[in-house]
Amino acid sequence: MVTLKDISRDVGLSITQVSRALGGHTDVNAATRERVQLAATRLGYRPNAIARSLKTGRSGIVAMIVAGSRDPDSNAHLFEIVMGLSAEISALGLQFVLHVGQPGADVVKLHTELYRSGGIDGFVIIGPSPADQRIKCLTDLGAPFIVHGRDPEQPHPFVDIDNFDVGRTMADHLLSRGHRRIAFLNGPLSEFFAIQRQRGVDAAFAAHGLSVDPALMRSITMIEPQGRSAARDLLELDNPPTAIIAGNTMIARGVYHAAADAGVSIPGDLSVLAHDDGLELFPAAGFEPPLGGTSAHLSAAWISLSADLKQIIAASKTPMHNRILDLTFDKGSATQSILVDRSMRVGP
């Protein structure tokens, strides 16, 4: 095992200087800190977690708690989240732990028990809902945490995107190209991001002097089989949609399969847009024709979330870190314009 003494010998500095350089202390100049860090990396130095815990009173462990699922598609999505999040947290010198409860487990109770056990420095919460009890629980406990997403009903540190703009941007693009029968395969409306996306779609229709058709608005689990099933039902309607907005690329993959099953051409008969989270197993570039829509890759969220959580853990008082990440739009090749009957109004 490489020790501070080995690094000290390599760079010609005292063990105390090496320790303070690796600890980021400001009394060590930047050039020296960089030289020591390079030597530590080259020699393969790894801090002793037990010694660090005894010295700082912190474990260096960050946890995320989820209820278990027996759905392989949902677990595949969770796996992508865990892989990306764990890599970024580990890069900052912390350890990431995923705690999986039984299906239907009381995750609020699990957060309380795990924090009171004394082994966890901070938590990551994903998929918040309005008045989320996990956020209230950790706030009441005084536990460091950060949320991927937002709960508008209580203040908390978060990293998010403008989900209202996700819905508004894609709906506006399709409306501007003449579509009126637009379906939206959204996420669960128990979560704030999905609520905001629906509001964005509604706002785009209102800006065009139109209203949405509630029969074309669907709230589903955001996985491929659910997207395929919902799209199949929509395409079997007497008056099917001319365009579908998918909440993510997993849903979009299901839409593409349903269209192929029904002999529906994309974009000839059906235009498709989706929000792209940058999922490795469902890349937008892997669709034919190429899929367009809004984009904000989760990898950027994990970088910001990990850095902010480390600062929150280190602070004596929890700072309110709030970040809204950039959103981009690419029209792709899976949409086309259609003729518009200007007298047409969609809705009840």
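Just so we're clear, the structure is a prediction, and the values are computed from it rather than from any experiment.

Participant: Looking at this structure, I do not really get the pattern of salt bridges. What am I missing?
Facilitator: Charged atoms that come close allow side chains of opposite charge to pair. With the rule as written, the count across this model stands at 11 salt bridges. A salt bridge links Lys 109 to Glu 113, with the shortest nitrogen-to-oxygen separation between them at 4.0 Å. A residue pair is termed a helical-turn pair when its members lie 3 or 4 positions apart in one helix, as Lys 109 and Glu 113 do in helix α6 (residues 107-116) at 4 residues. Lys 109 gets classed as partly exposed once you look at its relative accessible area, which sits at 48%. For Glu 113, a relative accessible area of 43% corresponds to the partly exposed category. Measuring nitrogen to oxygen at the nearest pair gives 2.9 Å for the salt bridge that ties Arg 228 to Asp 261.

Participant: Just checking my understanding: could you explain the environment of Ser 333 for this structure?
Facilitator: Topologically, Ser 333 is positioned in the segment after β12 (328-330). Sequence separation between Ser 333 and Gly 292 is 41 residues; the distance between their C-alpha atoms is 6.6 Å.

Participant: I keep staring at the packing of aromatic side chains and nothing clicks. Help me out?
Facilitator: Each aromatic ring pair is characterised by the separation of its centres together with the angle its planes make. According to the stated counting rule, one finds 2 aromatic pairs in the structure shown. Relative to Phe 287, the ring of Tyr 256 lies with its centre 4.9 Å away and its plane at 75 degrees, an arrangement referred to as edge-to-face. Taken together, the positions of Tyr 256 in helix α11 (residues 249-262) and Phe 287 in the loop between β9 (271-274) and β10 (293-295) put the pair 31 residues apart, joining distant regions of the chain. As far as burial versus exposure is concerned, Tyr 256 and Phe 287 are alike and both buried. We note Arg 253 situated over the ring of Phe 287; from NZ or CZ to the ring centre the distance is 3.9 Å.

Participant: Please clarify how the nonpolar core should be interpreted in this entry.
Facilitator: One finds Met 64, Leu 85, Val 124, Leu 185, Ile 244, Val 255 and Leu 270 to be the most contacted residues of the largest nonpolar core, which totals 70 residues. Excluding its chain neighbours within four sequence positions, the residues that come into contact with Val 124 are Val 62, Ala 63, Met 64, Leu 85, Ile 89, Ile 146, Leu 305 and Leu 309. By size, the runner-up hydrophobic cluster in this structure holds 14 residues, among which are Ile 65, Leu 110, Ile 135 and Phe 145.

Cut-off values and rules
Residues numbered from 1 in each chain as written. Predicted model: local features only at pLDDT ≥ 70, side-chain atom pairs only at ≥ 80, totals over all residues. Heavy atoms only, no water. Salt bridge = Lys/Arg side-chain N within 4 Å of Asp/Glu carboxyl O. Helix = DSSP H or I, 4+ residues; strand = E, 2+ residues; numbered from the N terminus. Buried < 20%, exposed > 50% of the residue type's maximum accessible area, 1.4 Å probe, protein only. Phe/Tyr/Trp six-rings, centres within 6.5 Å; stacked < 30°, edge-to-face > 60°. Lys NZ or Arg CZ within 6 Å of the ring centre and 35° of its normal. Core = buried A, V, L, I, M, F, W, Y, C linked by side-chain atoms within 4.5 Å. Contact = heavy atoms within 4.5 Å.

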